[in-house]
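Residues per chain, in single letters:
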Amino acid sequence: MAERGLLGILIIILAVLLFAQPDLAWPVRSIFGWNAETTDVSRLREENIALRAESAVLHDRLGRIPSEFQSEKTASVFVSYPFNFKNQLLVSAGRNEDVREGDTVFLPDPSSSTKRGIFIGRVESVQEKTSVVQTVFDSRFQLGVRIGEEGIESLMTGGSRPKLTLIPKTAEIRPGDVVIAAAAQLPYGLAIGEVKEIALATGGLLQEATVRFPYDITQVHTVLLAR
Amino acid sequence: MKLKLPVMGALMVLSIEVQLLCLSSFGWSLDLALATLIAFTAFVNLHELTALTLLSMWLLNWQPAVGPELLAFGLIPLIAFVARKSSPWNIWASTGAFILCGVPIMYLAAGVPLRIMREPQFILNAVGSAAAGLILLWLLYEIVGYTEERRLFAR
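Residues numbered from 1 in each chain as written. Chains lettered and ligands numbered in written order. Predicted model: local features only at pLDDT ≥ 70, side-chain atom pairs only at ≥ 80, totals over all residues. Heavy atoms only, no water.

1. Considerations on the pattern of salt bridges
Applying the stated criterion to the full structure yields 10 salt bridges over all chains. Between B:Glu69 and A:Lys86 there is a salt bridge, and its shortest N-O distance comes to 2.8 Å. With B:Glu69 in helix 4 (residues 68-86) and A:Lys86 in the loop between strand 1 (72-80) and strand 2 (88-91), this residue pair bridges two chains. Here B:Glu69 falls in the buried class, since its relative accessible area comes to 3%. A:Asp138 is the salt-bridge partner of A:Arg140, the closest N and O atoms lying 2.9 Å from each other. For A:Arg140, a relative accessible area of 22% puts it in the partly exposed group. Via salt bridges that share partners, A:Asp98, A:Arg100, A:Asp103 and A:Arg227 belong to a single interconnected network. (Salt bridge = Lys/Arg side-chain N within 4 Å of Asp/Glu carboxyl O. Helix = DSSP H or I, 4+ residues; strand = E, 2+ residues; numbered from the N terminus. Buried < 20%, exposed > 50% of the residue type's maximum accessible area, 1.4 Å probe, protein only.)

In structure tokens, the structure reads:
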């Protein structure tokens, strides 16, 4: 009987925690090493990300940095999506900070004059103090892009290994070609990554390519949100 | 076994940790947390299952509000618990079937496109999760020594 009573109390406590205080679990996750707080190693890795992004010559090659954004704010990453096939980050800026759905999300790049690094996703939903970011690794993510200096059109589809699809068979793309955003809802010319491996698509009429990203999404602790 | 619930709570936390570590290391993981909860339905009563489900939902939640996939994640084991009572299959078959059905239902609730569910990676995920659930079922039987229904090999 006493055991039942204790179990009932435990259920009530867990229900209250789940529905009223979900944010208390986020530090618990970091205790277990999930989305661990920034360490020297991860700080170095972040610096390395900025340097790798720079060395990929994405900014220089483009020369088409988007026009100024109306607003920019930096946010920390709290937790990430815990299942497969979707890739979302919960970040520490929301309606209170004037974040809106569809805002563009970058890695911050302190070495760049614009402070904007690589495009990593879009704001999917906004709460009072937090926002959910859909990253390019989400299986629902799709974006019109251009490849290389010739600006070959392609459709990038998200997933654990994002792909560049619908590339004409005759198009000459090479590993290392820069991939930039070319969708109406985004400023033109945002750097995304570079072409990794190229193959013929099923049917043999089109080409597909995988994308190399100069960062590890699981190690991202800070993002820049812009509109 | 008095330590049944703490042992299962620890196993639950362990499976969540392995799932999240795999996701952060490889970008992909079996749905171990869901498979574990469904395997637990053979060994616990409804109150114990509710507590374990709420614990895992709290640890897995990544938003200020509980999203549809997390609700599905919590409801699927409870439905499996009820359905198991009237299932014509033995525990092995019903556990495997519940996980095989539960994984796509959870991702449908998450809004994952149907095209993804035809991909080998998704099928591998569902089958792998079912296999992991069955291995856990066997392990739990070794630890706990009996099931709630006492018919591990019957029917």
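2. Thoughts on helix 3 (residues 46-60) of chain B
Residues and elements named next belong to chain B. With 15 residues, helix 3 should cover 21 Å at 1.5 Å per step; its first-to-last C-alpha distance of 21 Å lies within 8% of that length. A large share of helix 3 lies buried, amounting to 11 of its 15 residues. Taken together, the buried positions of helix 3 are Glu48, Leu49, Ala51, Leu52, Thr53, Leu54, Ser56, Met57, Trp58, Leu59 and Leu60. Two or three places before histidine 47, at the opening of helix 3, asparagine 45 has a side-chain oxygen 3.1 Å from that residue's backbone nitrogen. (Expected span 1.5 Å × (residues − 1). Polar contact = N/O pair within 3.5 Å; in protein donor to acceptor, adjacent residues only side chain to side chain.)

3. Side note on unusual backbone geometry
Residues and elements named next belong to chain A. Although it is not a glycine, aspartate 98 sits at a positive phi angle of roughly 65°. In this fold, aspartate 98 is placed in the loop between strand 2 and strand 3 (104-108). Judged by relative accessible area, which is 38%, aspartate 98 ranks as partly exposed. Here the phi dihedral of leucine 166 falls at roughly 60°; this positive angle occurs in a residue that is not glycine. Structurally, leucine 166 is set in strand 8 (residues 163-168).

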